[in-house]
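Coordinates in review
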Amino acid sequence: SRSLALARSRRGLAGAFMQLKPDSKEASPVAPSDSESPKVNTEDDDASYSQALRSTAIVVAAAAVFGAGVWGQLGADKGIEFFTGYIVEESLSVDNLFVFLLLFQYFKVPEELQKRVLSWGIIGAIVMRGTFISAGLFAVRRFRAVLLGFAAVLIYSSYKIFLGNEEDDEGDLSNNAVVKFSNSLVQSTKSYDGDNFFTMVDGVKRATPLLLVLVCVEFSDILFAVDSIPAVFGVTEDPFIVFTSNIFAILGLRALYRVLSKLVQELEYLEPAVGLVLGFIGVKMIAEFFGMDMPEELSLAVVVSLLGSGVAASYLLPQSEAED
């Protein structure tokens, strides 16, 4: 089977940073050993999975209702912008969750503790995305040429996805730049203490590996925002649409993670589809900068078609073809 090859592929500039392997010979951060941390539950939990599916459906339905409200109150163009932005951000969030899955496996985080990390990670993501969006809007309104920079980021991200590097498809994150940097900031114990981020050791308050995982998750989200935020600016510059499409995409991450953790081996062609979407939006931004506008309906149709084709290909094409 393909296992976690898709999860181990990193997206765009975030991927370039995530794959850096420092030359330093100092000891790399050590993940909690099997004897020092609870075992990861690898058995399928049908009840939990069904609940995750229902929660995901509820969040998606809420986004659809909100988008319909935007359409009704602000007009068709704004409604289409919301749905396009939401679909683009949701597709990029999927790739983000694959990296979270890899982090949880590396640090051997028990399933019941993963939910706590994801909840706090979502809160941090909302705050950081709001900050990045505000900064991006300020930059775009003051310096229109910034849009060309955003477009370049997206096209480069698309290029990185298709360039690929099988040598980077490895499960050991001990030399990963984000993990090493996070470990330098958070000196944690080697064992978990329930769902606590801190514990007492010989009368001294120490961080647990759970806090280290949370820091890694937050830094990863910052890196993924490098192409996530420019992508939504390629759809619209309306601050209301930009922020709400991001928030709805983020709110469903916890439930969606549980679903993707089970489907990770099946979404073979989603990553290339995301790459095509990023490239398309990048080219669209350049064209619109020079006055060649594209109808919002066409933009939405292209995004949906590319992502839908990626998902369909993942299920219709034989697994052996992907491995060859």
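Everything discussed here concerns the structure shown above.
Anyway, here's the lowdown on the structure attached to this text. (Residues numbered from 1 in each chain as written. Predicted model: local features only at pLDDT ≥ 70, side-chain atom pairs only at ≥ 80, totals over all residues. Heavy atoms only, no water.)

1. A word on the pattern of salt bridges
- What the rule picks out here adds up to four salt bridges.
- A salt bridge links Asp238 to Lys78, with the shortest nitrogen-to-oxygen separation between them at 2.9 Å. Of this pair, Asp238 sits in the loop between helix H8 (209–233) and helix H9 (239–251) while Lys78 sits in helix H4 (residues 76–106), placing them 160 residues apart in sequence.
- Judged by relative accessible area, which is 25%, Lys78 ranks as partly exposed.
- A salt bridge links Lys284 to Glu288, with the shortest nitrogen-to-oxygen separation between them at 3.0 Å. Residue Lys284 and its partner Glu288 are both found in helix H11 (residues 270–289); the two are separated by four residues, about one turn of the helix. (Salt bridge = Lys/Arg side-chain N within 4 Å of Asp/Glu carboxyl O. Helix = DSSP H or I, 4+ residues; strand = E, 2+ residues; numbered from the N terminus. Buried < 20%, exposed > 50% of the residue type's maximum accessible area, 1.4 Å probe, protein only.)

2. Observations regarding helix H12 (residues 296–316)
- Under the 1.5 Å per step criterion, the end-to-end length of H12 is 30 Å for 21 residues, consistent within 8% with the ideal 30 Å.
- If you check which residues of H12 are buried, you get Glu296, Ser299, Leu300, Val303, Leu307, Gly310 and Ser314. All buried residues of H12 lie within an arc of 105° about the axis, which places them on one face of the element. (Expected span 1.5 Å × (residues − 1). Arc of directions from axis to C-beta.)

3. Topic: the packing of aromatic side chains
- A full pass over the atoms with the stated rule returns ten aromatic pairs.
- Seen from their ring centres, Phe66 and Phe248 are 4.9 Å apart, and the 40° between their planes marks the pair as tilted. With a gap of 182 residues between them, Phe66 in helix H3 (residues 46–74) and Phe248 in helix H9 connect regions that are remote in the sequence.
- For Phe248, a relative accessible area of 15% puts it in the buried group.
- Ring plane angle 5° and centroid distance 6.2 Å describe the contact between Phe82 and Tyr86, whose orientation is recorded as stacked. With Phe82 and Tyr86 both in helix H4 and four residues apart, this pair spans about one turn of that helix. Both residues of the pair, Phe82 and Tyr86, count as buried.
- Put simply, the rings of Phe66, Phe82, Phe83, Tyr86, Phe240 and Phe248 touch in pairs and so form one group of aromatic residues.
- The ring of Phe198 carries the charged tip of Lys205 above its face, separated from the ring centre by 5.0 Å. (Phe/Tyr/Trp six-rings, centres within 6.5 Å; stacked < 30°, edge-to-face > 60°. Lys NZ or Arg CZ within 6 Å of the ring centre and 35° of its normal.)

4. Comments concerning a nonpolar patch on the surface
- On the surface, a cluster of nonpolar side chains totalling about 540 Å² of accessible area is made up of Ile155, Val283, Ile286, Phe289, Phe290 and Met292.
- Among the secondary structure elements, Phe290 is positioned in the loop between H11 and H12.
- Overall, Phe290 belongs to the exposed group, its relative accessible area being 57%. (Patch = residues over 30% accessible without salt bridge, like charges linked within 9 Å, V, L, I, M, F, W, Y side chains within 5 Å. Areas by Shrake-Rupley, 256 points an atom, 1.4 Å probe, with all protein chains shown as cover.)

5. Some details on the environment of Ile250
- Following the sequence through the fold, Ile250 ends up in helix H9.
- Residues Ile250 and Tyr86 lie 164 residues apart in sequence; the distance between their C-alpha atoms is 9.7 Å.
- Not counting residues within four places of it along the chain, the set of residues in contact with Ile250 comprises Ile122, Ala125, Ile126 and Arg129. (Contact = heavy atoms within 4.5 Å.)

6. Observations concerning the pairing of strand S1 (residues 198–201)
- Across four bridges, S1 lies against strand S2 (residues 204–207) in antiparallel orientation. Across the sheet, residue Thr199 finds its bridge partner in S2, namely Arg206.
- Hairpin geometry of S1 and S2 is characterised by an intervening segment of two residues between the two adjacent antiparallel strands and by a positive phi of about 55° at Asp202. (Pairing = 2+ DSSP bridges.)

7. Quick notes on the side chain of Thr56
- For Thr56, the location among the structural elements is in helix H3.
- Under the relative-accessibility criterion, Thr56 is labelled buried at 16%.
- With residues near it in sequence (within four places) discarded, Thr56 still touches Ala255, Leu256 and Val259.

8. Focus: the packing of helix H5 (residues 111–142) against H9
- Look at H5 against H9: their axes get within 10 Å of each other, and the N-to-C directions meet at 160°. Between H5 and H9, the crossing angle belongs to the class labelled roughly antiparallel. Taken as a pair, H5 and H9 cross one another with a handedness that is right-handed. Residues Ile122, Ala125, Ile126, Arg129, Gly130, Ile133, Leu137 and Arg141 of H5 pack against Pro239, Val242, Phe243, Asn246, Ile247, Ile250 and Leu251 of H9.
- The residue inventory of the contact of H5 with H9, partitioned by class, reads eleven nonpolar, two polar and two charged. (Axes fitted to C-alpha atoms, helices over the stretch in contact; angles between N-to-C directions. Parallel < 35°, antiparallel > 145°, perpendicular 65-115°, else oblique. Left-handed = near helix turned anticlockwise from the far one by under 90°. Nonpolar A, V, L, I, M, F, W, Y, C, P; charged D, E, K, R; others polar.)

Distances and angles like these do not, on their own, reveal function.
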